[in-house]
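Each chain, letter by letter, is given below.
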Amino acid sequence: GENVEQHPSTLSVQEGDSAVIKCTYSDSASNYFPWYKQELGKGPQLIIDIRSNVGEKKDQRIAVTLNKTAKHFSLHITETQPEDSAVYFCAATPYSTLTFGKGTMLLVSP
Amino acid sequence: NAGVTQTPKFRVLKTGQSMTLLCAQDMNHEYMYWYRQDPGMGLRLIHYSVGEGTTAKGEVPDGYNVSRLKKQNFLLGLESAAPSQTSVYFCASSYPRTGRNTIYFGEGSWLTVV
């Protein structure tokens, strides 16, 4: 089955800096790569996703890049704000069930 | 529009007791899932269902059973709870489309087994 590795496990940045979280996957059949944000005491929520026929996607301050050849994808957050502090999960799937990375705790200091 | 609703939100069980976690979704989604979340382990799939009357095992199914008697409900049962099942449980649902499967999560159920 699919295996997703996520790094780093924790990331501390100053407000206004950029943050990058990286994931690798093992199943070459995976074609959908979402990113979820989980705030304390809440369920994960989708923030951005990318399909395998796209190399990059951007939504305001967040962007995701995909390198299918190397089997890795990354989340980029620019101009970080304290409200970006949360746990971020990457995931991959060939179709129905998502396999998640272990998560990255992002801390943004004012 | 409630989305995905889980009950109960918090529960303490004694080892060996049984219980059922209830999940309901009002988005007419075909697929439903139960995940557990443990520190440093991410989200691991327990069981899932691709439609009413169907169930399938995920990554960590042992010690759990599920049922999907109605499209909008997905029940997770623990027949004989063990301390290793102390976790946060998330129900989720989705409507997969070609090349995309956005999963919507509930708020979580905190279970402690003592």
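Relevant structure appears above.
Throughout what follows, the structure given in this document is the object of discussion. (Residues numbered from 1 in each chain as written. Chains lettered and ligands numbered in written order. Predicted model: local features only at pLDDT ≥ 70, side-chain atom pairs only at ≥ 80, totals over all residues. Heavy atoms only, no water.)

### Considering the pairing of strand β5 (residues 42-49) of chain B
Put simply, the rule is: Each residue gets one of three labels from its accessible area relative to the maximum for its type: buried under 20%, exposed over 50%, partly exposed in between, using a 1.4 Å probe on protein chains only. Labels follow the DSSP assignment, with helices taken as runs of H or I lasting at least four residues and strands as runs of E lasting at least two, numbered in each case from the N terminus. Strands pair, by our definition, only if DSSP identifies at least two bridges between them.
Within β5(B), eight of the eight residues are buried, which leaves it mostly tucked inside the rest of the structure. Hairpin connection, strand β4 (residues 31-38) of chain B to β5(B): the antiparallel pair is bridged by three residues, and Gly40(B) has positive phi, about 75 degrees.

### Topic: the interface of chain B and chain A
Defined as follows: In this analysis, two residues are considered to be in contact whenever any of their non-hydrogen atoms come within 4.5 Å of each other. Computed with a 1.4 Å rolling probe, the buried area is the accessible surface lost when two parts are put together, summed over both parts. One side-chain nitrogen of Lys or Arg within 4 Å of one carboxyl oxygen of Asp or Glu is enough to make a salt bridge. Polar contact criterion, stated in full: a pair of N or O atoms within 3.5 Å, where within protein one must be able to donate a hydrogen and the other to accept it, and residues adjacent in sequence count only if both atoms are side-chain atoms. Polar here means any residue other than Ala, Val, Leu, Ile, Met, Phe, Trp, Tyr, Cys and Pro, which are nonpolar, and Asp, Glu, Lys and Arg, which are charged; Gly is therefore polar.
Contact residues are listed per partner, giving 23 residues for chain B and 19 residues for chain A. For the pair chain B and chain A, the summed buried surface comes to about 1,800 Å²; carbon and sulfur atoms form 57% of the total. With a shortest N-O distance of 3.9 Å, Glu107(B) and Lys42(A) are connected by a salt bridge. Counting the contacts that link chain B with chain A gives four residue pairs in polar contact (both at pLDDT 80 or more). Contributions of two or more residues to the side of chain B that touches chain A are made by β4, β5 and β10 (103-105) of chain B. For the side of chain B that touches chain A, a count of residues per class yields twelve nonpolar, eight polar and three charged.

### With respect to the packing of aromatic side chains
For clarity, the cut-off: Ring pairs shown here join Phe, Tyr and Trp side chains whose ring centres sit within 6.5 Å, with only the six-membered ring taken for Trp; geometry is labelled stacked below 30 degrees between planes, edge-to-face above 60, and tilted in between.
Taken as a whole and judged by the stated rule, the model has 16 aromatic pairs over all chains. A ring pair is formed by Phe33(A) and Phe73(A), whose centres lie 5.0 Å apart and whose planes are at 50 degrees; its orientation type is tilted. Separated by 40 residues along the polypeptide, Phe33(A) in strand β4 (residues 32-38) and Phe73(A) in strand β8 (residues 72-77) bring together distant segments of the chain. Relative accessible area serves as the criterion here: at 0%, Phe33(A) is assigned to the buried category. Look at Tyr35(B) and Phe105(B): their rings are 5.7 Å apart centre to centre, the planes differ by 50 degrees, and that puts the pair in the tilted class. On the criterion of sequence distance, the pair formed by Tyr35(B) in strand β4 and Phe105(B) in strand β10 is long-range, its members being 70 residues apart. As far as burial versus exposure is concerned, Tyr35(B) and Phe105(B) are alike and both buried.

### Quick word on the sheet that holds strand β7 (residues 64-67) of chain B
All names here are of chain B. Rules: What counts as an axis is a line fitted to C-alpha atoms, over the stretch in contact for a helix, and the angles between N-to-C directions run from 0 to 180 degrees.
Across the sheet, four strands lie side by side as β1-β3-β8-β7; this open sheet has antiparallel pairing. At either end of the open sheet lies a strand with only one pairing partner, and these are β1 (4-7) and β7. When the angles between neighbouring strand axes are averaged without regard to direction, this sheet yields 20 degrees. With four bridges connecting them, β1 and strand β3 (residues 19-25) associate as antiparallel partners. Bridging across to β3, Gln 6 finds its partner in Cys 23.

### Some details on the side chain of Ser74(A)
Mapped onto the elements of the fold, Ser74(A) is located in strand β8. For Ser74(A), the contacting residues outside a window of four places in its chain are Val20(A), Ile21(A), Lys22(A), Trp35(A), Ala63(A), Val64(A) and Thr65(A).

### Some remarks on the state of the cysteines
The condition that has to hold: For the purposes of this analysis, a disulfide is any pair of cysteine sulfur atoms at a distance within 2.5 Å.
Taken as a whole, this structure holds two disulfides over all chains when the rule is applied. Across the disulfide from Cys23(A) sits Cys90(A); the S-S distance is 1.9 Å. Here the disulfide of Cys23(A) and Cys90(A) is left-handed, its torsion about the S-S bond being about -100 degrees. Placement of Cys23(A) in strand β3 (residues 19-25) and of Cys90(A) in strand β9 (residues 86-92) is noted, with a sequence separation of 67 residues between them. The same class applies to Cys23(A) as to Cys90(A), namely buried. Cys23(B) shares a disulfide with Cys91(B); S-S distance 1.9 Å. Here the disulfide of Cys23(B) and Cys91(B) is left-handed, its torsion about the S-S bond being about -80 degrees. Taken together, the residues Cys23(B) in strand β3 and Cys91(B) in strand β9 (residues 87-94) connect sequence positions 68 residues apart. The buried category is assigned to Cys23(B), whose relative accessible area is 2%. With a relative accessible area of 0%, Cys91(B) lands in the buried category.

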